[in-house]
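Reading the structure
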Amino acid sequence: MAHQSEELIIEALDIHKSFGALQILKGISLQVRRGEVVVLIGASGSGKTTFIRCINLLEDIQAGRIRVNGRAMGYRERSDGSLVRDSERNIARQRRDIGMVFQRFNLFPHMTALENIIEAPIQVLGTPRAEALEQARGLLARVGLADKASHYPSMLSGGQQQRVAIARALAMKPQAMLFDEPTSALDPETVGEVLQVMKELAEEGMTMVVVTHEMGFAREVADRVVVLDQGELIEQGPPEQIFSHPSHPRTRAFLSRVL
Amino acid sequence: MNFNWDVFWQYLLQPSGVYLTGLWLTCLISVLAMALGCVLGLAAALLRLSGNPLLHLPVRFYVWLMRGTPLLVQIVFLYTALAAGGIFRFEDIELFGLIVPGNIQAAIIALGLNEGAYMAEIIRAGIGAVDKGQYEAGRSLGMGFAKLMRRIVLPQAFRVIVPPLGNEFNVMLKNTTLVSVIGVQELLLSTQMITSATFRVFELYLVVALYFLTLTTLWGFFQRWLEVRFSQSDRPSTPPPAASRMFGRSALKLLRGR
Amino acid sequence: MHKHRALLVAVSLGLCTQWAVAAPQVLERLRNVDKLTYCSGMDSPPLVSFDESQKPRGLTVDLGLEIAKRLGDKQVQWKVIPFSGLVPALLAQQCDMIVDQLFDKPERRQVIDIVNYMYSSQAVVVPKGNPKGIKTLDDLSAHKVAVLNGSTIKTLLDTQNDSLTKAGKPPMKLVVYNTDTDAFQALRISQVDAYGTTVETAGYYAAMAPDLFQEGVPAFSRILTGLGIRKDDPQLTAAVQQVISDMRTDGSYVQLLNKWHVSSDTLD
């Protein structure tokens, strides 16, 4: 949205992924620049969730390259061209640069909101506890939940939990954030509060890749909308172009169903 | 009915030194064997998660063996049969200035090995009960396997593990009577030694039954407290009144589970 | 003529003696029962034990069978019970008589009657060569000794421990087993330094494996040994007593003890 640079944060090149015999991703390439907000849309089964999970290696890929922040992510190439997965330790280190927000929040239920947020900085980055706490309180305030610091996830509404999840991901100071259908599991009343947080994040210049069905959000916040269909990237462009003048017939078919 | 109340009250309320030693041994062996069983069970459960057959096949063999043979046979096998076969003999060892007899070592190890197999399955189920999303959240935050298990998965698994773990300790307390056959003077053998001198079998077996009942009931209260403490994050902001916790649904669960 | 009459008198007397011996059979107690139940630990060779085909054998077994025969050809049913449970089983009427190596002790006499049939002594068995140099009860200080639960030797060794402690010496560690076989096993696999038992059993095991075991502490504490019968069963006690007297008279008693090589244990 604001101040985009030419610097590539995420580079996915010709990604192929199969589940057994079933091919889900058939060669998807995507580049995301610093500060860009990319929204992925498409029908269910189009592979958009699988694709986003390949970026931070929650899913394996069978072919293709992923680079994050200029570094090859997660795979080394063998002499015959096949990919061998990097060590889990290396992958864990690389994942620090990318934050992820899940459809079902995945907050740690045995920790309070505050504890959820300080957990990774302390355990993974080695941040001193006092510093982590201060930072966490700041993040909670930023997502509008300063008074819920000592609440357990079971005491929070869905929208509140998701906002805590966003704060938790931000605590790692990632270069980019991935959002996997962040509002799909929420009651309609709470969808808005989460989208608002995401919008503010975008305005502050965070690089974001968002999978969502919320077309209003896409129209308002996205720099680029990417359309996936049956494992292929069929169309991408600015939201006005995609929503008003889609060129691909399957894009038109999809949009006519959802809009 | 031939029942001597004097003998009964005397042995119930004024236990002899031998008897108290037996009681102490029963508790000590139970605790140590349970600790060993939990350690072995955790190791086995984690190894079982591995995809590598070199790691998880030995575990499956161990669990199959321990659950497929009677505990009494395992105890006698470890202490007596191995020594008779010239394979291994438990010698007395000195530990912190005390002499630990070979049969007590064998008792703890046999009970612990057996318990480990059952704990492995319980812990495996506990780990399996943790939502997969937790692994994904931890991983996406950059956590490695060890941190993930220690900080995120195992604490949640523990909540599921505590009730069956409590039941296992209850069983362990009672299983210690089996080690009387290798000469360990725990509560049962101590009782048998006294009955052989006094012939008051009815009174003395009633006394030992009451001692065990006391032990298991005390443990039951502690287990209840553990279960409540570990479900803290699930509790609504005001806990239910203590009375209903003790004698309401919890008491029914107590009765059902035994 | 005198000779014929003398012969007639002798024969009549002989017949009368037979009839006198047969008197116990007429007792009420035994008239309507066709079997006697004997309790035993079957744990003390050569007096009571099982042979390879799981049949009872031993001196006291033979004695028990002979008694049943003389009491009117009664059948014998054996109940095997760990030694320390024999008296309770008898008191609970689970059997008619304890047929085992039961020592005649006052505390036992308080609860049951005992009909003596021989003497026994105690002994301590050690590995061949007596590696720990155990020759007297005092030598057992600080060693591990296996004993049967409820046995007299256990009581004796407990007393010995008291005197050892008083003399400032470390007591022996008694390891108690519920069967004598288990106690002997503990010595066999060197889990203990010595095994306390009766001299008859000690002799039996030493004879069985002379290159493995020997007597450590020789026979001590000579004590009467008997069969146990409930106090409320005086007729049976009297009948059994009579049978044993008869056996001593007609020589079968001595024969029995000789057969099992324990003639030194004859009743006075």
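One structure accompanies this document, and this report is about it.

Glancing now at the overall build of chain C. Tallying secondary structure elements over chain C gives 10 helices and 10 strands in all. Considering chain C as a whole, with its 268 residues, one finds that 51% of them fall into the buried category. Residue pairs in contact within chain C that sit at least 24 positions apart in sequence constitute 75% of those at least 6 positions apart.

It is worth spelling out the overall build of chain B at this point. Looking only at helices and strands, chain B features 11 helices and two strands. Order of helices (α) and strands (β) in chain B, N terminus to C terminus: α-α-α-α-β-β-α-α-α-α-α-α-α. Once local pairs closer than 6 in sequence are excluded, the contacts in chain B between residues at least 24 apart make up 75%. Carbon and sulfur atoms provide 68% of the accessible area of chain B, an area that totals close to 13,200 Å².

Take the sheet that holds strand E2 (residues 22–33) of chain A next. Residue and element names in this part refer to chain A. In space, the four strands of this open sheet follow the order E2-E1-E4-E5, with antiparallel pairing throughout. Of all strands in the sheet, those bounded by a partner on one side alone are E2 and strand E5 (71–72). Across nine bridges, strand E1 (residues 8–19) lies against E2 in antiparallel orientation. Note that in E2 the partner of Ala 12 across the bridge is Leu 30.

On to the state of the cysteines. Residue and element names in this part refer to chain C. Throughout the structure, instances matching the rule amount to one disulfide over all chains. There is a disulfide in this structure between Cys 39 and Cys 95, and the S-S distance comes to 2.0 Å. Linking Cys 39 and Cys 95, the disulfide has an S-S dihedral of approximately -100 degrees and is accordingly described as left-handed. Note that Cys 39 is positioned in strand E1 (residues 35–40) and Cys 95 in the loop between helix H4 (86–91) and strand E5 (97–103), a separation of 56 residues in sequence. Here Cys 39 falls in the buried class, since its relative accessible area comes to 0%.

Another point: the side chain of Lys 17 of chain A. All names here are of chain A. Summarising the element assignment, Lys 17 is placed in strand E1. Here Lys 17 falls in the buried class, since its relative accessible area comes to 4%. Within polar-contact distance, the side chain of Lys 17 engages the backbone oxygen of Asp 60 at 3.1 Å. The residues touching Lys 17, leaving out its near neighbours within four places in the chain, are Leu 22, Gln 23, Ile 24, Leu 25, Thr 50, Cys 54, Glu 59, Asp 60 and Gln 62.

Interfaces are often sized by the accessible area lost when the parts come together. Listed by partner, the interface residues are 21 residues for chain C and 19 residues for chain B. Carbon and sulfur atoms make up 57% of the surface buried where chain C meets chain B, a total of about 1,600 Å² over both sides. Of all residues in chain C, the largest losses of buried area upon contact with chain B belong to Val 176, Ile 189 and Gln 191 of chain C, amounting jointly to 30% of the total for that side. For the pair chain C and chain B, the interface holds one salt bridge. Here Asp 92 of chain B ties to Lys 144 of chain C by a salt bridge, and the two come within 2.9 Å at their closest N and O atoms. Applying the counting criterion to the chain C and chain B interface returns six residue pairs in polar contact (both at pLDDT 80 or more). Where the side of chain C that touches chain B is concerned, the elements lending two or more residues are H4, helix H5 (106–109), strand E8 (173–177) and helix H7 (180–188) of chain C. Broken down by element, the residue count for the side of chain C that touches chain B peaks at five residues, all from E8 of chain C. Taken together, the residues that form the side of chain C that touches chain B break down as eight nonpolar, seven polar and six charged.

Here the focus is the pairing of E1 of chain A. All names here are of chain A. The hairpin formed by E1 and E2 contains two residues between the paired strands, and Gly 20 there has a positive phi angle of roughly 65 degrees. Sheet topology note: the E1/strand E4 (residues 63–68) ladder contains five bridges and is antiparallel. Its bridge partner being in E4, Ile 10 is matched across the sheet by Val 68.

Time to look at the pattern of salt bridges. Residues and elements named next belong to chain C. According to the stated counting rule, one finds 30 salt bridges over all chains in the structure shown. Residue Asp 62 pairs with Lys 259 through a salt bridge whose shortest N-O separation is 2.8 Å. Of the two residues, Asp 62 is situated in helix H3 (residues 59–70) and Lys 259 in helix H10 (residues 252–259); the sequence distance between them amounts to 197 residues. Here Glu 66 ties to Arg 70 by a salt bridge, and the two come within 2.7 Å at their closest N and O atoms. Of this pair, Glu 66 and Arg 70 both sit in helix H3, separated by four residues, roughly a single helical turn. Judged by its relative accessible area of 21%, Glu 66 is partly exposed.

This part takes up unusual backbone geometry. All names here are of chain C. Backbone torsion omega between Pro 45 and Pro 46 reads 0 degrees, so that peptide bond is classified as cis. Assignment of secondary structure puts Pro 46 in the loop between E1 and strand E2 (49–50). Of note, Gln 93 is a non-glycine position whose phi angle comes to about 60 degrees, a positive value. Here the phi dihedral of Ser 190 falls at roughly 55 degrees; this positive angle occurs in a residue that is not glycine.

A word on the sheet that holds strand E6 (residues 112–127) of chain C. Residues and elements named next belong to chain C. Strand order in the open sheet formed by eight strands is E4-E1-E5-E10-E6-E9-E7-E8, and the pairing between neighbours is mixed. Either end of the sheet is taken by a strand with one partner, and the two such strands are strand E4 (75–80) and E8. Neighbour to neighbour, the strand axes of the sheet diverge by 30 degrees on average, direction disregarded. Looking at chain direction, E6 and strand E9 (residues 194–198) are connected through four bridges and run antiparallel. Bridged to Ala 123 within E9 is Thr 197.

Turning next to the packing of aromatic side chains. Across all of its chains, the model carries 19 aromatic pairs over all chains by this definition. A ring pair is formed by Phe 222 of chain B and Trp 225 of chain B, whose centres lie 5.7 Å apart and whose planes are at 25 degrees; its orientation type is stacked. Of this pair, Phe 222 of chain B and Trp 225 of chain B both sit in helix H9 (residues 201–230), separated by three residues, roughly a single helical turn. A residue is classified by how much of its surface remains accessible, and Phe 222 of chain B, at 39% relative accessible area, is partly exposed. Ring centres 5.4 Å apart and planes at 70 degrees place the aromatic pair Tyr 38 of chain C and Trp 78 of chain C in the edge-to-face group. Remark: Trp 78 of chain C occurs in strand E4 and Tyr 38 of chain C occurs in strand E1; sequence separation between them is 40 residues. One Lys or Arg, Arg 219 of chain A, reaches over the ring of Phe 243 of chain A and ends 5.0 Å from the middle of that ring. Sitting over the face of the ring of Tyr 253 of chain C, Arg 248 of chain C holds its NZ or CZ atom 5.6 Å from the ring centroid.

Residue and element names in this part refer to chain C. Compared with the 16 Å implied by 1.5 Å per residue over 12 residues, the 16 Å span of H3 between its first and last C-alpha is a close match. Among all positions of H3, only Leu 59, Thr 60, Val 61, Leu 63, Gly 64, Ile 67 and Ala 68 are buried. Positive backbone phi, at 115 degrees, marks Gly 72, one or two positions downstream of H3.

Okay, the interface of chain B and chain A next. Counting residues at the interface gives 22 residues for chain B and 26 residues for chain A. Around 2,000 Å² of area is buried between chain B and chain A when both sides are counted, 56% of it from carbon and sulfur atoms. Where chain B packs against chain A, one counts three salt bridges. For Glu 119 of chain A, the salt bridge goes to Arg 151 of chain B, with nearest N and O atoms at 2.7 Å. Between chain B and chain A we count six residue pairs in polar contact (both at pLDDT 80 or more) in total. Residues of the side of chain B that touches chain A, tallied by class, amount to five nonpolar, eight polar and nine charged.

Calculation criteria
Residues numbered from 1 in each chain as written. Chains lettered and ligands numbered in written order. Predicted model: local features only at pLDDT ≥ 70, side-chain atom pairs only at ≥ 80, totals over all residues. Heavy atoms only, no water. Helix = DSSP H or I, 4+ residues; strand = E, 2+ residues; numbered from the N terminus. Buried < 20%, exposed > 50% of the residue type's maximum accessible area, 1.4 Å probe, protein only. Contact = heavy atoms within 4.5 Å. Areas by Shrake-Rupley, 256 points an atom, 1.4 Å probe, with all protein chains shown as cover. Pairing = 2+ DSSP bridges. Disulfide = S-S within 2.5 Å. Polar contact = N/O pair within 3.5 Å; in protein donor to acceptor, adjacent residues only side chain to side chain. Buried area = accessible area lost by both parts, 1.4 Å probe. Salt bridge = Lys/Arg side-chain N within 4 Å of Asp/Glu carboxyl O. Nonpolar A, V, L, I, M, F, W, Y, C, P; charged D, E, K, R; others polar. Axes fitted to C-alpha atoms, helices over the stretch in contact; angles between N-to-C directions. Phe/Tyr/Trp six-rings, centres within 6.5 Å; stacked < 30°, edge-to-face > 60°. Lys NZ or Arg CZ within 6 Å of the ring centre and 35° of its normal. Expected span 1.5 Å × (residues − 1).

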